[in-house]
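Close look at the chain arrangement
Chain residues, written in single-letter form:
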Amino acid sequence: FLYGMLISAGFSLLHSFFSFQRTGDLSVFTYYDLAENMKLHPTYYSLYALTALHFLWNGGFKAGIKFLGTSVLLLFLLLLQSKMAYFILVLMTLLYVFIIWKSVRVRIVAVTGLIVISVIFGSKFSTRMTEDIRGFTMVDETWIGTMEENGVSQRLWLFNEAISQIKEKPVMGYGLKSQRTLFGWKIHKKELKEYLPKRYREASWTVSKLNLHNQYLQVFYEGGLLGLILFLVPLGMIGYYAAQMKNLFFLIPYGVFLLFLVTENLLDRQMGIYYYGIFLPLLFLVKEKPIRTLNIKYNSFRAQKKV
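The structure reproduced in this document is the subject of the present report. What you see is a predicted model; the values in this text were computed from it and never measured. (Residues numbered from 1 in each chain as written. Predicted model: local features only at pLDDT ≥ 70, side-chain atom pairs only at ≥ 80, totals over all residues. Heavy atoms only, no water.)

1. Examining the overall build of the chain
Check the secondary structure of the chain and you find 13 helices and zero strands. Counting from the amino terminus, helix and strand elements in the chain follow one another as α-α-α-α-α-α-α-α-α-α-α-α-α. Here the chain, with 307 residues, has 40% of them falling under the buried criterion. Sequence-distant contacts, at least 24 apart, represent 68% of the contacts inside the chain between residues at least 6 apart. Counting every atom, the chain has about 17700 Å² of accessible surface; 68% of that belongs to carbon and sulfur. (Helix = DSSP H or I, 4+ residues; strand = E, 2+ residues; numbered from the N terminus. Buried < 20%, exposed > 50% of the residue type's maximum accessible area, 1.4 Å probe, protein only. Contact = heavy atoms within 4.5 Å. Areas by Shrake-Rupley, 256 points an atom, 1.4 Å probe, with all protein chains shown as cover.)

If you want it as C-alpha cells, here you go:
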C-alpha cells in the first residue's frame, strides 16, 4: 500500500511537471488538476496519502527512507489542498508526538515542522475559515453565486439547507436516495416564495444537485434519526472493540476515516467503500506493527537462505 501510494504520488507529480512544461501554468501541481492525473478526487486521494503516512511512521523503516517518504507525502498532501486533510494531519502528528514517538529528536523535528507549516498557511487558512463560518449564519445569497463561493462555503450552504429540511421529518427521514431529487426540488420550491438574486438561484440549483458532502447528515436526511442511530452504532462498536484491544494501528486510520465523513460522502464512491470494506477490516485484525514484523520475517528468511 505504502509503495503503491508513493509511486502514484510520484507519477502524479511527474505528469503535472510535463503539463507545466507545456502550459506554463503552476496550478497543474495543485488540487483537482493534480488529483485528476490519476482520475481521483483530491479529498479521497488525501485519505489514502494520510494512511500511507501512518504506515510509514509506524513501520520499521530506516531513517533515510522515512525522511524521504514523509517529505514526498507531506508535499503531496499540501498540494492536494484539502483543508480537512490539513486539520487531520496536525491531529495525527500531535498524536504521534505525545503518545507514540519516544525519541526527543523526532519530537522536536515534528513540532518544528508543524510550527513552520502553521506560520506559512495558518494566517490565510484561519481568515478563510472565519469568513466561511461567518457565512453559515448570514443570508445565503451573500455567498452562493459570488466570487466568495468555494468548496467550504458550498458545504456550509448544503449543511444549512439540509438541516432546515430535516426539521420537517426528523424521525423517519425522506427515504433512501431521496436527497438526489427531493432536496433540489425543495430548494427550488423555497426560492419561488422568496425574491432572491438570479445569480444565487442559478448557483443554488447547481450546488443542490450535489450530495450533502457529509455522510452523517446524508444518512440523517434519508433515514431520519432512526437511520442515523443504525449507522452510528456499528461505527461506535468497532471503535470500542478496537480500543479494548488497544489496537492503535487501526484506530488512527479509523479516526481519520470518521473525520473525513464530516466533509465527504465517502461511502458513495468506490474508493471510500474499498477503504471501509477492505483496508479497515484488515487493519482491525492486526495486533502488532505489521511492517516491522514483515521486515523481521523477511530478514530472517534471507539469513536462512544464506546459510
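2. Here's the deal with unusual backbone geometry
Glycine aside, residues mostly have negative phi, and peptide bonds are mostly found in the trans state. Backbone geometry places Gln81, a non-glycine residue, at a positive phi of 60 degrees. By secondary structure assignment, the location of Gln81 is in the loop between helix H4 (63-80) and helix H5 (83-100). Here Gln81 falls in the partly exposed class, since its relative accessible area comes to 38%. A positive phi is found at Lys177, a non-glycine position, where the angle reads about 65 degrees. Note that Lys177 resides in the loop between helix H7 (151-166) and helix H8 (182-193). The class of Lys177 is exposed, set by a relative accessible area of 55%.

3. Regarding the packing of aromatic side chains
Given two aromatic rings, their pairing is described by the distance between the two centres and the angle made by the two planes. Throughout the structure, instances matching the rule amount to 23 aromatic pairs. Here the aromatic rings of Tyr48 and Tyr275 are separated by 5.4 Å at their centres, their planes lie at 70 degrees, and the arrangement is edge-to-face. Of this pair, Tyr48 sits in helix H3 (residues 42-58) while Tyr275 sits in helix H12 (residues 270-284), and the two are 227 residues apart along the sequence. Judged by its relative accessible area of 10%, Tyr48 falls in the buried class. According to the relative accessible area criterion, Tyr275 is buried, its value standing at 1%. Taken together, a centroid distance of 6.1 Å and an interplanar angle of 65 degrees make the contact between Tyr216 and Phe231 edge-to-face. (Phe/Tyr/Trp six-rings, centres within 6.5 Å; stacked < 30°, edge-to-face > 60°.)

4. Here's the deal with a nonpolar patch on the surface
Together, Leu225, Ile229, Val233, Met237, Tyr240 and Tyr241 make up a nonpolar patch on the protein surface, roughly 580 Å² of accessible area in all. With respect to the secondary-structure elements, Met237 resides in helix H10 (residues 215-244). (Patch = residues over 30% accessible without salt bridge, like charges linked within 9 Å, V, L, I, M, F, W, Y side chains within 5 Å. Salt bridge = Lys/Arg side-chain N within 4 Å of Asp/Glu carboxyl O.)

5. What about the pattern of salt bridges?
Applying the stated criterion across every chain yields a total of three salt bridges. Arg155 is paired through a salt bridge with Glu264; the nearest N and O atoms lie 2.3 Å apart. Separated by 109 residues along the polypeptide, Arg155 in helix H7 and Glu264 in the loop between helix H11 (248-260) and H12 bring together distant segments of the chain. For the residue pair Arg155 and Glu264, the accessibility class agrees, reading buried in each case. With its nearest N and O atoms 2.9 Å apart, the salt bridge here joins Glu168 to Lys186. In this pair, Glu168 is assigned in the loop between H7 and H8 and Lys186 in helix H8, connecting sequence segments 18 residues apart.

6. Quick notes on H7
Its 16 residues give H7 an end-to-end C-alpha distance of 22 Å, which sits within 8% of 22 Å, the value for a rise of 1.5 Å per residue. Taken together, the buried positions of H7 are occupied by Val152, Ser153, Arg155, Leu156, Trp157, Leu158, Phe159, Glu161, Ala162, Gln165 and Ile166. (Expected span 1.5 Å × (residues − 1).)

7. A few points about H10
The terminal C-alpha atoms of H10, which comprises 30 residues, lie only 26 Å apart, well short of the 44 Å expected from a rise of 1.5 Å per residue. For H10, the principal kink sits at Gly223 and spans about 130 degrees. Backbone nitrogen of Tyr216 and a side-chain oxygen of the N-cap are separated by 3.0 Å at the start of H10; the cap is Asn214. Immediately downstream of H10, the backbone of Lys246 shows phi near 55 degrees, a positive value. (Bend = angle between axes of the 7 residues up to and from the residue. Polar contact = N/O pair within 3.5 Å; in protein donor to acceptor, adjacent residues only side chain to side chain.)

8. Things to note about the nonpolar core
In this structure, Met5, Leu47, Leu50, Phe76, Met92 and Phe260 are the most contacted members of the largest nonpolar core, which totals 49 residues. Mapped onto this core, the elements with two or more residues apiece are helix H1 (2-23), helix H2 (31-36), H3, H4, H5, H10, H11 and H12. No other element matches the 11 residues that H3 contributes to this core. With residues near it in sequence (within four places) discarded, Phe76 still touches Met5, Ala9, Ser12, Leu13, Leu34, Tyr45 and Ala49. Counting residues in hydrophobic clusters, the runner-up holds 18 residues, among them Tyr174, Ile187, Tyr200 and Tyr221. (Core = buried A, V, L, I, M, F, W, Y, C linked by side-chain atoms within 4.5 Å.)

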